[in-house]
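Observations on the three-dimensional arrangement
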Amino acid sequence: MRTSPGSFSAPPSDTEGATEGRAAPGGRSVRTRSQHQRRKRIVQAAAALASRGGVEAMQMRTVAERAGVALGTLYRYFPSKMDLVVAVVGEEIDLLESSIERRPPGASTPASRAVDVLMRATRGLMREPELADALIRSLIMAEVQTPFGDRMTGLLLRVSADGLTVDQAGEEQLDLAGSLASVWVQELLEMLRGRRTYDQIQRRIETAANRLLADI
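Worth saying up front: this structure is predicted, and the values here are computed from it rather than measured.

This part is about the environment of Val 166. By the element assignment, Val 166 lies in the loop between helix H7 (148-160) and helix H8 (171-192). What makes Val 166 partly exposed here is its relative accessible area of 37%. C-alpha of Val 166 to C-alpha of Asp 150: the two residues are 16 residues apart in sequence and 8.5 Å apart in space. Leave out the neighbours within four places in its chain, and Val 166 touches Gly 154, Leu 157 and Leu 174.

Pasting the structure below:
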C-alpha cells in the first residue's frame with residue numbers, strides 16, 4: 001500500500017525561513033504548501049517506523065529525527081503519539097479510497113462489493129503486518145477521536161448502496177454498514193494474533209456482509 005521503510009528518506013533539516021510566507025502562483029502561500037509537505041513527511045516517517053517495530057517504534061523524538069523536523073515542530077502538528085497514529089490511519093484509508101476509485105468493485109450484489117473492499121483492505125494491510133498491528137491495536141485503545149470507523153462506514157455505504165453517502169443514509173443503513181466495519185476490524189485483529197487465516201476471515205466477512213447488507 002505504501003513505499004517500504006527503507007525507501008523513505010527525509011530531508012536533512014527542517015527549515016522554516018521567512019520565504020514560507022510569500023505568496024505562490026495561484027494564490028496559495030508557500031507556508032501552506034510547506035506545512036502540508038512537512039506534515040506528510042512526518043506521517044510517512046511514523047508509518048515507516050511502525051511498519052518495522054509497531055507502535056513502540058513510533059517514539060516522538062525518533063519520528064522527528066527521521067522526518068527531519070524539530071521535536072517542537074512535531075508536537076505542534078501532533079500533540080500526542082495517538083494523534084500521530086490517527087494520522088497514519090487516515091493516510092491508509094486515503095490509499096484504500098484511491099484504490100477503490102481507480103478500480104471499483106464490479107460484483108453484482110451489495111454484500112459482494114463490500115467484501116471486495118474489505119478483503120482488498122486486508123491484503124494491503126497484511127503486506128505490512130507490523131504496521132497493521134500497530135494501527136488496529138491503537139484504534140481499539142484510542143483515547144482520541146478517530147475518523148476510522150466513520151470513513152470505513154462511508155466507504156462501505158458508497159460501494160454497496162450505489163454511491164449512498166453518510167448524509168443521505170438512514171440510521172439503520174448507517175448501523176448496518178458500521179457493524180460490518182466493526183466485524184472486519186475484529187477479524188483483522190484475530191488474524192494478526194494468529195487466530196485466523198486469510199480464508200477464514202474472508203468466509204466470516206462474507207457471512208456477515210450477506211446478513212447485514214441483504215436489504216441495504
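Structure shown, so let's carry the discussion forward.
With that settled, consider the UniProt feature "DNA-binding region" (unreviewed entry) in the protein chain. The residues that UniProt annotates with the feature "DNA-binding region" (unreviewed entry) are residues 59-78. Its end C-alpha atoms 12 Å apart, residues 59-78 is made of 75% helix and 0% strand.

Here we take up the confidence of the model for the protein chain. In the predicted model, the protein chain carries a mean pLDDT of 82, and 81% of its residues have values of at least 70. In this model residues 3-28 is a low-confidence stretch, pLDDT under 50, and it forms 43 contacts with partners more than four residues away in sequence or in other chains.

Moving on to unusual backbone geometry. Note: most residues except glycine have negative phi, and most peptide bonds are trans. A positive phi angle is found at Asp 162, which is not glycine, with a value near 55 degrees. Judged by relative accessible area, which is 71%, Asp 162 ranks as exposed.

Bringing the packing of H8 against helix H9 (residues 198-212) into the picture now. What describes two packed helices is the angle between their axes and the distance between those same axes. Viewed as axis vectors pointing N to C, H8 and H9 meet at an angle of 165 degrees, and their least axial separation amounts to 10 Å. For the element pair H8 / H9, the angle class is roughly antiparallel. Note on packing geometry: the crossing formed by H8 with H9 is right-handed. Contact residues: H8 offers Leu 176, Ser 179, Leu 180, Val 183, Trp 184, Glu 187, Leu 188 and Met 191, while H9 offers Tyr 198, Ile 201, Arg 204, Ile 205, Ala 208, Ala 209 and Leu 212. Looking at the contact of H8 with H9, its residues break down into 12 nonpolar, 1 polar and 2 charged.

This part covers the pattern of salt bridges. For the structure on display, the rule yields 10 salt bridges. Between Glu 97 and Arg 158 there is a salt bridge, and its shortest N-O distance comes to 3.3 Å. Residue Glu 97 is found in helix H4 (residues 81-102), and its partner Arg 158 is found in helix H7; the two are separated by 61 residues along the sequence. Glu 97 sits in the buried class, given a relative accessible area of 18%. Note that Arg 193 and Glu 190 form a salt bridge whose closest N and O atoms lie 3.1 Å from each other. For Arg 193, a relative accessible area of 39% gives the class partly exposed. The exposure class of Glu 190 is buried, given its relative accessible area of 10%.

On the surface, a cluster of negative charge is contributed by Glu 171, Glu 172, Asp 175 and Asp 215. By the element assignment, Glu 171 lies in helix H8. Overall, the relative accessible area of 64% leaves Glu 171 in the exposed class.

Criteria and cut-off values
Residues numbered from 1 in each chain as written. Predicted model: local features only at pLDDT ≥ 70, side-chain atom pairs only at ≥ 80, totals over all residues. Heavy atoms only, no water. Helix = DSSP H or I, 4+ residues; strand = E, 2+ residues; numbered from the N terminus. Buried < 20%, exposed > 50% of the residue type's maximum accessible area, 1.4 Å probe, protein only. Contact = heavy atoms within 4.5 Å. UniProt positions renumbered as here; feature names shortened; annotations may be inferred. pLDDT = per-residue confidence, 0-100. Axes fitted to C-alpha atoms, helices over the stretch in contact; angles between N-to-C directions. Parallel < 35°, antiparallel > 145°, perpendicular 65-115°, else oblique. Left-handed = near helix turned anticlockwise from the far one by under 90°. Nonpolar A, V, L, I, M, F, W, Y, C, P; charged D, E, K, R; others polar. Salt bridge = Lys/Arg side-chain N within 4 Å of Asp/Glu carboxyl O. Patch = residues over 30% accessible without salt bridge, like charges linked within 9 Å, V, L, I, M, F, W, Y side chains within 5 Å. Areas by Shrake-Rupley, 256 points an atom, 1.4 Å probe, with all protein chains shown as cover. Lys, Arg positive; Asp, Glu negative; His and termini not counted. Charge placed at Lys NZ, Arg CZ, Asp CG, Glu CD.

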